[in-house]
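Next come the chains, spelled out residue by residue.
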Amino acid sequence: MTSATHARTKTRIKICGLTREADVDAAVAAGADAIGFVFYPPSPRYVTPERAAELVRRLPPFVAAVGLFVNPEPAQVEAVLAKVPLEVLQFHGDETESQCRRYLRPYLKAARVRPDLDLVQYAAAYPSARAILLDAFVDGYGGGGKTFDWSLIPAGLAQSIVLSGGLDGDNVAEAVRRVRPAAVDVSSGVEAAKGIKDAAKIRAFIAAVRSADND
Ligand SMILES: O=C(O)c1ccccc1NCC(=O)[C@H](O)[C@H](O)COP(=O)(O)O
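Keep in mind that this is a model prediction, so the values were computed, not measured.

Chemist: I tried to follow the sheet that holds strand S4 (residues 88-91) on my own but got confused; where do I start?
Modeler: Hydrogen bonds between backbone groups are what pair the strands of a sheet, and the pairing can be parallel or antiparallel. Spatially, eight strands are ordered S1-S2-S3-S4-S5-S6-S7-S8 in a closed barrel, and the strand pairing comes out parallel. Each strand axis lies, on average, 25° off the axis of its neighbour in the sheet, ignoring direction. With respect to the sheet, helix H7 (residues 199-213) is in contact with strand S1 (12-16) and strand S8 (183-186), its orientation differing from that of S1 by roughly 160°.

Laid out in structure tokens, this is it:
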């Protein structure tokens, strides 16, 4: 790289909703920065704490394990944390800031974006959030494989942005170029079936992000 060119900041990448050893290994090998585990029982990607603990043991240092919850009771989160060494929590429901920060872990607060949601006001309600994860407004709280209108994302949110919702190997480069989020997050777009990831799709997704990082 010459002095006249410079690589942009690396967009961090979270692959979410993993349930199998081979998929964890494929995501790590492809260069994922974080792996998400869904602790929301109605989700087809749900894993038990015991299963997540088995999968997390495969992660090398500095690849973050993210635990995802939807309006959990404190006891549920504590039970997961007692068995699964999660670096980051992700809350996808109507949790208040105090309900998110009580576990003394970095957390992502998901916003389900729609035209009538004031994202500046929403983000301001979670000053302790490590980032705001911007997702589409779908049934079932998330994992819907649907994009939202990225032009709804305001400039100047206090927190970093994790862009999510319907991303895949075909649209993520444009998403990164347009939004320049701190990170991107994907589930459906790298799957063969819900909870079953496709290693080639993971590789293509990450390659597309890296390509956009260097535009
Ligand atoms: O993945 C799920 O099944 C899920 C269920 C309930 C709440 C959140 C869920 N996923 C959270 C994620 O972080 C997903 O990666 C995000 O919603 C994007 O999903 P997709 O649009 O399928 O890429």
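So that's the structure; there's more coming.
Chemist: Before we go on, may I ask you to explain the site of the ligand in this structure?
Modeler: Taken together, 25 residues sit near the ligand, with Ser43, Asp135, Gly143, Asp185 and Ser188 positioned nearest. At a separation of 2.5 Å, an oxygen atom of the ligand approaches a polar side-chain atom of Asp135. When residues of the shell around the ligand are traced back to their parent elements, those giving at least two are S1 and S8. Of the residues contributing to the shell around the ligand, the split by class is seven nonpolar, 13 polar and five charged.

Chemist: Just to check I follow, could you spell out H7 for this structure?
Modeler: Because the α-helix completes a turn every 3.6 residues, residues three or four places apart line up on one side. Between its terminal C-alpha atoms H7 stretches 21 Å, which fits the 21 Å expected from 15 residues at 1.5 Å a residue. All of the buried residues in H7 are Ile202, Phe205, Ile206, Ala208, Val209, Ala212 and Asp213. Mapping the buried residues of H7 onto a view down its axis gives an arc of 155°, with all of them on the same face. Packed against the buried residues of H7 are S1, helix H1 (21-30), helix H6 (172-179), S8 and strand S10 (196-197). Sitting at the head of H7, Asp198 places a side-chain oxygen 2.9 Å from the backbone nitrogen of Ala200.

Chemist: Mind showing me how you'd approach the packing of H1 against H7 here?
Modeler: Packed helices, taken two at a time, are described by the angle between their axes plus the distance between the axes. At a minimum axis separation of 9 Å, H1 and H7 run at an interaxial angle of 25°. The angle between H1 and H7 places the two elements in the roughly parallel class. Between H1 and H7 lies a crossing whose hand is right-handed. Between H1 and H7, the contacting residues are Asp23, Ala26, Ala27 and Ala30 on the first element and Ala199, Ile202, Arg203 and Ile206 on the second. Partitioned by chemical class, the residues of the contact of H1 with H7 number six nonpolar, no polar and two charged.

Chemist: Looking at this structure, how should I read the nonpolar core?
Modeler: Side chains that are nonpolar tend, in soluble globular proteins, to be buried together. Counting 61 residues, the largest nonpolar core has Ile15, Phe37 and Phe205 as its most contacted members. Not counting residues within four places of it along the chain, the set of residues in contact with Phe37 comprises Leu18, Val24, Val47, Leu55, Val56, Ala65, Val66, Gly67 and Leu68.

Parameters at a glance
- Residues numbered from 1 in each chain as written.
- Predicted model: local features only at pLDDT ≥ 70, side-chain atom pairs only at ≥ 80, totals over all residues.
- Heavy atoms only, no water.
- Pairing = 2+ DSSP bridges.
- Helix = DSSP H or I, 4+ residues; strand = E, 2+ residues; numbered from the N terminus.
- Axes fitted to C-alpha atoms, helices over the stretch in contact; angles between N-to-C directions.
- Contact = heavy atoms within 4.5 Å.
- Near = heavy atom within 4 Å.
- Polar contact = N/O pair within 3.5 Å; in protein donor to acceptor, adjacent residues only side chain to side chain.
- Nonpolar A, V, L, I, M, F, W, Y, C, P; charged D, E, K, R; others polar.
- Expected span 1.5 Å × (residues − 1).
- Buried < 20%, exposed > 50% of the residue type's maximum accessible area, 1.4 Å probe, protein only.
- Arc of directions from axis to C-beta.
- Parallel < 35°, antiparallel > 145°, perpendicular 65-115°, else oblique.
- Left-handed = near helix turned anticlockwise from the far one by under 90°.
- Core = buried A, V, L, I, M, F, W, Y, C linked by side-chain atoms within 4.5 Å.

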